[in-house]
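Coordinate analysis (summary)
Here are the chains, one letter per residue:
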Amino acid sequence: MIDIAANLTHVNARIENARSLSPHGQQVSLLAVSKKQSADNIRQAFLAGQLAFGESYAQEALGKIDTLSEPDIRWHFIGPLQSNKCKLIAPHCDWIESVDRLTLAQKLNRYRPAGMPPLNICLQVNLFGEASKGGVALEPLTDLAAEVSALPRLRLRGLMAIPPRQAEPARQREQFARIRAAWLVLKQDFPNLDTLSMGMSGDFEAAILEGSTRVRLGTGIFGERD
Ligand SMILES: *Cc1c(COP(=O)(O)O)cnc(C)c1O
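Below is a summary of the structure that appears in this document. (Residues numbered from 1 in each chain as written. Predicted model: local features only at pLDDT ≥ 70, side-chain atom pairs only at ≥ 80, totals over all residues. Heavy atoms only, no water.)

**Let's talk about the overall build of the protein**
Operational definition: Numbered from the N terminus, helices here are DSSP runs of H or I no shorter than four residues, and strands are runs of E no shorter than two. Taken over C-alpha atoms, the radius of gyration is set against a globule rule of 2.2 Å times the number of residues to the power 0.38. Only protein chains enter the accessibility calculation, which uses a 1.4 Å probe. A residue is then buried if its area is under 20% of the maximum for its type, exposed if over 50%, and partly exposed in between. Under the counting rule used here, the positive set is Lys and Arg, the negative set is Asp and Glu, and His together with the chain ends is not counted. Each charge is placed at NZ for Lys, CZ for Arg, CG for Asp and CD for Glu.
Each helix and strand in the protein was counted, giving nine helices and eight strands. Against the globule reference of 17 Å for 226 residues, the protein gives a C-alpha radius of gyration of 17 Å, in line with a compact fold. The dimensions of the protein, computed from C-alpha atoms along their principal axes, are 45 × 40 × 30 Å. A total of 226 residues make up the protein; the buried ones form 50% of that total. Taken together, the 26 basic and 24 acidic charged side chains of the protein have centroids lying 4 Å from each other.

**Structural notes on the nonpolar core**
One broad trend across soluble globular proteins is that nonpolar side chains are buried collectively. For clarity, the threshold we go by: Note on terminology: a nonpolar core comprises buried Ala, Val, Leu, Ile, Met, Phe, Trp, Tyr and Cys residues joined through side-chain atoms within 4.5 Å. By definition in these notes, contact holds between two residues if any of their heavy atoms fall within 4.5 Å.
In this structure, Phe-53, Ile-96, Leu-108, Ile-121, Leu-123 and Ile-221 are the most contacted members of the largest nonpolar core, which totals 63 residues. Excluding residues within four positions of it along the chain, Ile-121 makes contact with Trp-95, Ile-96, Val-99, Leu-108, Val-148, Leu-154, Arg-155, Leu-156, Arg-157 and Gly-158.

**So, the pairing of strand S8 (residues 214-217)**
Defined as follows: Criterion used throughout: strands pair if DSSP finds at least two bridges between them.
Alternating positions in S8 separate into two faces, Arg-214 and Arg-216 on one and Val-215 and Leu-217 on the other, with burial throughout. As judged from the four bridges shared by strand S1 (residues 29-33) and S8, these two strands associate in the parallel manner. Bridging across to S8, Ser-29 finds its partner in Arg-214.

**Describing the packing of aromatic side chains**
Basically, it comes down to this: Note on ring pairs: Phe, Tyr and Trp rings are taken, using the six-membered ring of Trp, and paired if centres are within 6.5 Å. Classes follow the plane angle, with under 30 degrees stacked, over 60 edge-to-face and the rest tilted.
Within this structure, the stated rule accounts for one aromatic pair. The interplanar angle of 45° and the centroid separation of 6.0 Å between the aromatic rings of Phe-53 and Trp-75 together place this pair among those described as tilted. Residue Phe-53 is found in strand S2 (residues 52-55), and its partner Trp-75 is found in strand S3 (residues 74-77); the two are separated by 22 residues along the sequence. Side by side, Phe-53 and Trp-75 carry an identical accessibility label, which is buried.

**Some thoughts on helix H5 (residues 102-111)**
The following threshold applies: The arc in question is traced by the directions running from the helix axis to the C-beta atoms.
By the burial criterion, the buried members of H5 are Leu-104, Ala-105, Leu-108 and Asn-109. What you see down the axis of H5 is that its buried residues fit within an arc of 135°, all on one side. Each element contacted by the buried residues of H5 is listed here: helix H4 (86-89), strand S4 (95-99), strand S5 (119-125), helix H6 (138-149) and strand S6 (154-161).

**Concerning the packing of H6 against helix H7 (residues 169-189)**
Our working rule: Angles shown run from 0 to 180 degrees and are taken between the N-to-C directions of axes, each axis being a line fitted to C-alpha atoms and, for helices, limited to the stretch in contact. An angle below 35 degrees is read as roughly parallel, one above 145 as roughly antiparallel, one from 65 to 115 as roughly perpendicular, and any other as oblique. Each crossing gets its hand from how the near helix is turned against the far one by less than a right angle, where anticlockwise is left-handed and clockwise is right-handed.
Where H6 contacts H7, the axes come no closer than 11 Å and their chain directions differ by 30°. Here H6 is positioned roughly parallel relative to H7, judged by the angle of their axes. As H6 packs across H7, the resulting crossing turns out to be right-handed. The segment H6 lies against H7, with Leu-138, Leu-141, Thr-142 and Ala-145 engaging Ala-182, Leu-186 and Asp-189.

**Focus on the side chain of Ser-197**
Quick note on the threshold: What qualifies as a polar contact is a pair of N or O atoms within 3.5 Å, subject to a donor-acceptor requirement within protein and to the restriction that residues adjacent in sequence count only when both atoms come from side chains.
Along the chain, the position of Ser-197 falls in strand S7 (residues 195-197). A relative accessible area of 0% means that Ser-197 is categorised as buried. Side chain to side chain, Ser-197 and Glu-97 meet in a polar contact 2.7 Å long. Excluding anything up to four places from it in sequence, Ser-197 contacts Glu-97, Leu-159, Met-160, Ala-161, Arg-214 and Arg-216.

**Side note on the state of the cysteines**
Put simply, the rule reads: We call a pair of cysteine sulfur atoms a disulfide whenever their separation is within 2.5 Å.
For the structure on display, the rule yields zero disulfides. Unpaired in this structure, Cys-86 has its nearest cysteine sulfur neighbour in Cys-93, at a distance of 11 Å. For Cys-86, a relative accessible area of 0% translates into the label buried. With no disulfide of its own, Cys-122 lies 13 Å from the sulfur of Cys-93, the closest cysteine sulfur.

**A look at the pattern of salt bridges**
Definition in use: By salt bridge we mean one thing: a side-chain nitrogen of Lys or Arg within 4 Å of a carboxyl oxygen of Asp or Glu.
Taken as a whole and judged by the stated rule, the model has eleven salt bridges. Of the charged contacts in the structure, one is a salt bridge between Arg-43 and Glu-70, with a shortest N-O distance of 3.7 Å. Remark: Glu-70 occurs in the loop between helix H3 (58-67) and S3 and Arg-43 occurs in helix H2 (residues 39-47); sequence separation between them is 27 residues. Of the charged contacts, one joins Lys-64 and Glu-60 as a salt bridge, the two residues approaching to 2.6 Å between their closest N and O atoms. Of this pair, Lys-64 and Glu-60 are both found in helix H3, four residues apart, which corresponds to roughly one turn of the helix. Residue class for Lys-64 comes out buried when judged on its relative accessible area of 7%. When salt bridges that share partners are traced, they join Glu-55, Glu-60 and Lys-64 into one network.

This is the structure in structure tokens:
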């Protein structure tokens, strides 16, 4: 049996260790990626002190958000989002980390209820030309950031990236350093950006050493997904 609480203790210690070694002096938060995990597994993580959860599929996310009504729980949407799901998702998440086009941002802005705080947004970047993954390339990034930051119901917070899988820590760090460089350039125009969401179960320590402020871990907490 997977011991979710023990896994959380273990990964939090590894995160803190990597953070203490990072030259960037940043804070790092943990997003527990709960896609394909049961509401019961999520509840176990929550009872062990984990508050932020990441989901990738709209229908699945909505079902769990409905089931788990603990007021302190925070939901991040991190998967490819279809325009026709924005209306359902915008009122129920705290963050959308996978915005990569203006039409999506406009829909989220339109459907974020006026009585709620603005929806936190990360732009997903795709800096390594991977056609299989979403994300905006480097060249159109600044324009997209300007357009998104002008939308009143959204709050642009930073970037999210899923770089190619690399076995070698040195290669992992090279890729993360490039993502951080893009983030720093963007921060010149948007100094309030505070989030660099990068690093997963297989490479989060390299990401932290290169300045990640949020790592997104699924298997490292919950075990292998079906
Ligand atoms: C699934 C997923 C993760 C977590 O991956 P693990 O390798 O299980 O840690 C992180 N980020 C995104 C965007 C994902 O889709």
